[in-house]
Amino acid sequence: MEVHKVVAPPHRSTAAKLKTRLKETFFPDDPLRQFKGQPNRTKLIRAAQYIFPILQWCPEYSFRLLKSDVVSGLTIASLAIPQGISYAKLANLPPIVGLYSSFVPPLVYAVLGSSRDLAVGPVSIASLILGSMLRQQVSPVDNPLLFLQLAFSSTFFAGLFQASLGILRLGFIIDFLSKATLIGFMAGAAIIVSLQQLKALLGITHFTKQMGVVPVLSSVFHHTNEWSWQTIVMGVCFLLFLLATRHLSMKKPKLFWVSAGAPLLSVIVSTLLVFVFRADRHGISVIGKLQEGLNPPSWNMLQFHGSHLGLVAKTGLITGIVSLTEGIAVGRTFAALKNYHVDGNKEIIAIGLMNVVGSATSCYVTTGAFSRSAVNNNAGCKTAVSNIVMSVTVMGLAIAVGLSLFKLLMQVTRPKTVIMGNIPGTDIYRNLHHYKEARRIPGVLVLSIESAVNFANSNYLTERTSRWIEDSEEEEAQEKHSSLQFLILEMSAVSGVDTNGVSFFKELKKTTAKKNIELVFVNPLSEVMEKLQRADEEEEFMRPEFLFLTVAEAVASLSLKGPSLNNV
């Protein structure tokens, strides 16, 4: 058998060795190899796909994939809403910021991220660290605006640090975190977060700012006089409900949607209970009104100077590392389960850029959340479209609140006014457009105003009433009845008037007087009557002979005054 000698490696220059070492360190995947020997058009397409992974799978996207992604997106949205609210409170931020953080970042990640299963949003440990570090120098209670500005600034620095790691190809640093380290980190984070929840669970108002086990438990038992049994009962009941649904989903994986929807159901039910029983008056604290609308811009709130610059930079660095570690770990875990590759540097850039963009759109630190990603995976997600569906669902929520506010505004500024007619054979007067058998009374216009009369709607009511009068006069003339003689205002639904409302009735009296039409009031409420009488010292429009309890009595009485009413 021939024996081969061991030969020395070929001589290489120091520069060549350094080049090889740097390439293997920073470009182990050799991203440029896909461009070798390709025409310019192909190079351009592949470059765009490399920068924006969504372009890789989007051309092959199908309706079958969409159905799976919609189901999973709606499922994680049901989890994102209560999580967003609770994690924002954990960070000492307004609850709406948690919802904002479940809208913009998922959209950014869907375009730049390479994981199919990663569900993006706020996470507990990053929220806790952010709130705790900022609270050491700025009180979220005494100076909430500055605290919010520092939170957005910290998010910017976190995203900048994360994106820089990816752009400089330093993602290998994350590899130094072993699986055992990550497991210990997540377990410790769970314990810390659980301890911090004792404040809300027990209803304690004066709670320690520290996160250690001993300070927290000491704070809990030194403030037993602040414990609220109502809060404890409600909290424990819903906690048991959440644990029960989680146990059920673990026993029967097909029922994953039960535990996924349980947090949102808990929010809805608890809100109804507080509203019905007015529990906020019995020791149970409430979040209060959520701001409506989509994410407002916040780039003008970022602070890059002043005495707090070091604080936000340090907070951003630490929360950036923590959130990045969790996001990469979660992404790689599910990629291994489904046997596909996740580019670590792309993920780092995606997470970093979504935090940079988020800091300018009223979001705080976000990453791939383990619980949310697990639900996303169990729900059968196929692509990052599930993040888009979740984002749009949360935005539906925001639009729904906005539409509700708009509807309320329209009800105030455009109150309902209807023409009433008599139902033959009765003394009942109802809406002419609702009851087709109702008939107009010749010479009389009966209007019902179904709202308070105030500064917001007085101009509208003036214009609308004038148009009703003109239309009625034209109708009287066309049908050859006598001219319009009485305008009866049915006011049982007018709950109040302000100075503009009083002016409306005064101007209406002047307008009707010019047309030789008498203004008649029916059933005004006591508060409205008092204000009108005080403003009508000379009894110009609140004369007793033109004030009645019902429309039927008014028409019967006025029939003696007007010749056209004698046949009524």
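What you see is a predicted model; the values in this text were computed from it and never measured. (Residues numbered from 1 in each chain as written. Predicted model: local features only at pLDDT ≥ 70, side-chain atom pairs only at ≥ 80, totals over all residues. Heavy atoms only, no water.)

### As for empty space enclosed by the protein
A probe as big as a water molecule, rolled over the atoms, marks out the empty space that is left.
Inference 1: If you walk through the whole model with that rule in mind, you get one cavity of 30 Å³ or more.
Inference 2: Put simply, the parts of the chain that give the lining of the largest cavity at least two residues each are helix H14 (309-338) and helix H15 (344-359).
Inference 3: Broken down by element, the lining of the largest cavity gets its largest block of residues, four residues, from H14.
Inference 4: In terms of residue class, the lining of the largest cavity is made up of two nonpolar, three polar and two charged. (1 Å grid on protein atoms, 1.4 Å probe; cavity = no way out; pocket = protein on both sides within 12 Å on 5 of 7 lines; lining within 4 Å. Points joined across faces, edges and corners; volume = space filled by probe spheres on them. Helix = DSSP H or I, 4+ residues; strand = E, 2+ residues; numbered from the N terminus. Nonpolar A, V, L, I, M, F, W, Y, C, P; charged D, E, K, R; others polar.)

### Re the sheet that holds strand E5 (residues 444-449)
Inference 1: Reading across the sheet, the six strands line up as E4-E3-E5-E6-E7-E8 and stay open at both edges, with mixed pairing between neighbours. The outermost strands of the open sheet, each flanked by one partner alone, are strand E4 (429-431) and strand E8 (547-548).
Inference 2: Along the sheet, helix H18 (residues 458-478) makes contact with strand E3 (417-422), E5 and strand E6 (486-490), crossing E5 at roughly 155°.
Inference 3: Of the strands in this sheet, E5, E6 and strand E7 (518-522) touch helix H19 (residues 499-514), which is tilted by about 140° from E7. (Pairing = 2+ DSSP bridges. Contact = heavy atoms within 4.5 Å. Axes fitted to C-alpha atoms, helices over the stretch in contact; angles between N-to-C directions.)

### A few points about the domain arrangement of the protein
Inference 1: One can read the domain layout of the protein as domain 1 (75-178 + 299-405) and domain 2 (414-561).
Inference 2: Domain 1 and domain 2 are separated by 58 Å when their C-alpha centres are compared. (Domains from an automatic or database assignment.)

### Considerations on unusual backbone geometry
Most of the time, phi is negative for any residue but glycine, and the peptide bond is trans.
Inference 1: The backbone phi angle of Ser-362 is positive, close to 60°, even though this residue is not glycine.
Inference 2: For Ser-362, the position within the fold is in the loop between H15 and strand E2 (367-368).
Inference 3: Not every positive phi belongs to a glycine, and Asn-516 is a case in point at roughly 60°.
Inference 4: Note that Asn-516 resides in the loop between H19 and E7.
Inference 5: By relative accessible area, Asn-516 is classed as exposed at 68%. (Buried < 20%, exposed > 50% of the residue type's maximum accessible area, 1.4 Å probe, protein only.)

### Considerations on the environment of Glu-474
Inference 1: Along the polypeptide, Glu-474 turns up in helix H18.
Inference 2: With 258 residues separating them along the chain, Glu-474 and Val-216 place their C-alpha atoms 78 Å apart.

### Focus on the side chain of Lys-509
Inference 1: Structurally, Lys-509 is set in helix H19.
Inference 2: For Lys-509, a relative accessible area of 13% corresponds to the buried category.
Inference 3: Once you skip the residues sitting within four places of it in the chain, Lys-509 turns out to touch Glu-518, Leu-519, Glu-540, Phe-541 and Arg-543.

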